[in-house]
Amino acid sequence: MSLIHFKNVSKIYNTVVGPLTVLDNVSFEIGAGEFVSLVGKSGAGKSTLLRSLIAELAPSKGKVFFDEKDVHKMKHRDLCLLRRRIGMIFQDFKLLPDKTAFENVAFAMEVAGYSDKKIREDVPEVIKLVGLSDKMANFPVQLSAGEKQRIAIARALIQRPDIIVADEPTGNLDPINSWDIIKLLVKINELGTAVILATHVKEIINTIDKRVISLDKGRIIRDEERGKYLI
Ligand SMILES: Nc1ncnc2c1ncn2[C@@H]1O[C@H](COP(=O)(O)OP(=O)(O)O)[C@@H](O)[C@H]1O
Ligand SMILES: [Mg+2]
């Protein structure tokens, strides 16, 4: 049984110069616990694909299933549950500036209705996992870019998602910090959470040695176990 199933998904925008196909008949499945890199040049359609997974965008054709359920037919309640099961990470971190690292992570649990006791137990644990126990009281301005991304990862993990979806998570990081984030995603995957890593950076992918789906102009041109970034 697949966790994620894209079935003949196309996304077409009507633009002033005519229709623009951004996703072109995309089909693939991802199983529970898999690590998949989604690669392709800027504009290839990676973010569009990920946004249609969380039903932020509706495809023009085709279907997207999460745990066998059509995400584009979900009602509000199921959509909220879906988005809790998918931990999103972005290039620009999206931390709340007026909350500390601890509070940024705790906030996701508060919204989900967990007790204060559970929050006090779980938050330090997940912050420890990302290696920032000594920075829990820092506000985002007091964290480096790499540290901000670690806190964003902790926030994504706190709800025990089935999958972490990282859209260009190293886009604002130098090479050393980029590596640390990739290693952290691999470690999280080894602990049992599936990962989708979308990136246009070749050097990262070619050393991970896991499945690679290559997108070019909205089409899947390659889908290989233990693949490389060849575009
Ligand atoms: N609302 C929109 N209307 C028209 N074109 C769009 C819209 N959103 C994205 N696109 C186009 O879709 C293509 C794919 O974008 P995107 O999914 O962001 O690519 P990637 O994440 O791989 O860089 C780009 O050419 C972009 O300009
Ligand atoms: Mg993108």
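Just above sits the structure.
Residues numbered from 1 in each chain as written. Chains lettered and ligands numbered in written order. Predicted model: local features only at pLDDT ≥ 70, side-chain atom pairs only at ≥ 80, totals over all residues.

### So, the overall build of the chain
Okay, so step 1: Within the chain, the regular secondary structure consists of 7 helices and 10 strands.
Okay, so step 2: Radius of gyration (C-alpha) of the chain: 18 Å, near the 17 Å computed for a compact globule of 231 residues.
Okay, so step 3: For the chain, the spread of C-alpha atoms along the three principal axes comes to 50 × 40 × 40 Å.
Okay, so step 4: For the chain, the proportion of its 231 residues judged to be buried stands at 39%.
Okay, so step 5: The contacts of the chain with a sequence gap of at least 6 include a subset with a gap of at least 24, amounting to 67%. (Helix = DSSP H or I, 4+ residues; strand = E, 2+ residues; numbered from the N terminus. Rg over C-alpha atoms; globule rule 2.2 N^0.38 Å. Buried ≥ 20, exposed ≤ 12 C-beta atoms within 10 Å, placed from the backbone. Contact = placed C-beta atoms within 7 Å.)

### Topic: the sheet that holds strand S8 (residues 194-199)
Strands in a sheet are paired, the pairing made by backbone hydrogen bonds, and the direction either parallel or antiparallel.
Okay, so step 1: What the 6 strands build is an open sheet, ordered S6-S7-S8-S3-S9-S10; its pairing is mixed. Sheet topology places strand S6 (86-90) and strand S10 (219-224) at the edges, where each strand pairs with a single neighbour. The sheet shows a mean angle of 15° between the axes of neighbouring strands, direction not considered.
Okay, so step 2: Relative to strand S7 (residues 163-167), S6 runs parallel, the two sharing 5 bridges. Pairing of Gly87 across the sheet is with Ile164, part of S7.
Okay, so step 3: Against the sheet, helix H6 (residues 175-190) touches strand S3 (35-39), S7 and S8, its axis set at about 155° to S8. (Pairing = 2+ DSSP bridges. Axes fitted to C-alpha atoms, helices over the stretch in contact; angles between N-to-C directions.)

### Overview of the site of ligand 1
Okay, so step 1: In the region of ligand 1, the neighbouring residues are Tyr13, Thr15, Leu20, Val22, Gly40, Ser42, Gly43, Ala44, Gly45, Lys46, Ser47 and Thr48.
Okay, so step 2: At the level of secondary structure, the elements contributing two or more residues to the shell around ligand 1 comprise strand S1 (2-15), strand S2 (18-31) and helix H1 (46-53).
Okay, so step 3: The element that contributes the greatest number of residues to the shell around ligand 1 is H1, accounting for 3 residues.
Okay, so step 4: Residues belonging to the shell around ligand 1 are distributed by class as follows: 4 nonpolar, 7 polar and 1 charged. (Near = placed C-beta within 6 Å. Nonpolar A, V, L, I, M, F, W, Y, C, P; charged D, E, K, R; others polar.)

### Things to note about the environment of Ser214
Okay, so step 1: Assignment of secondary structure puts Ser214 in strand S9 (residues 211-216).
Okay, so step 2: A tally of 22 C-beta atoms within 10 Å means that Ser214 is categorised as buried.

### Some remarks on the sheet that holds strand S5 (residues 69-70)
Okay, so step 1: Spatially, S2-S1-S4-S5 is the arrangement adopted by the 4 strands of the open sheet, whose pairing is antiparallel. Each of the sheet's edge strands pairs with one partner strand only, and the pair in question is S2 and S5.
Okay, so step 2: Across 2 bridges, strand S4 (residues 61-66) lies against S5 in antiparallel orientation. Across the sheet, Phe65 pairs through a bridge with Asp70, a residue of S5.

### Here we look at the environment of Thr48
Okay, so step 1: Note that Thr48 resides in helix H1.
Okay, so step 2: Between the C-alpha atoms of Thr48 and Lys11, which are 37 residues apart in sequence, the distance is 8.2 Å.

### A closer look at the packing of helix H3 (residues 101-111) against helix H5 (residues 145-157)
Okay, so step 1: In the contact formed by H3 and H5, the axes pass within 8 Å of each other and the chain directions differ by 25°. Accordingly, the angle class assigned to the pair H3 and H5 is roughly parallel. For the pair H3 and H5, the sense of crossing is right-handed. Note on element contacts: H5 touches H3 through Ile151, Ala154 and Arg155, opposite Ala101, Asn104, Val105 and Ala108.
Okay, so step 2: Residue classes in the contact of H3 with H5 are distributed as 5 nonpolar, 1 polar and 1 charged. (Parallel < 35°, antiparallel > 145°, perpendicular 65-115°, else oblique. Left-handed = near helix turned anticlockwise from the far one by under 90°.)

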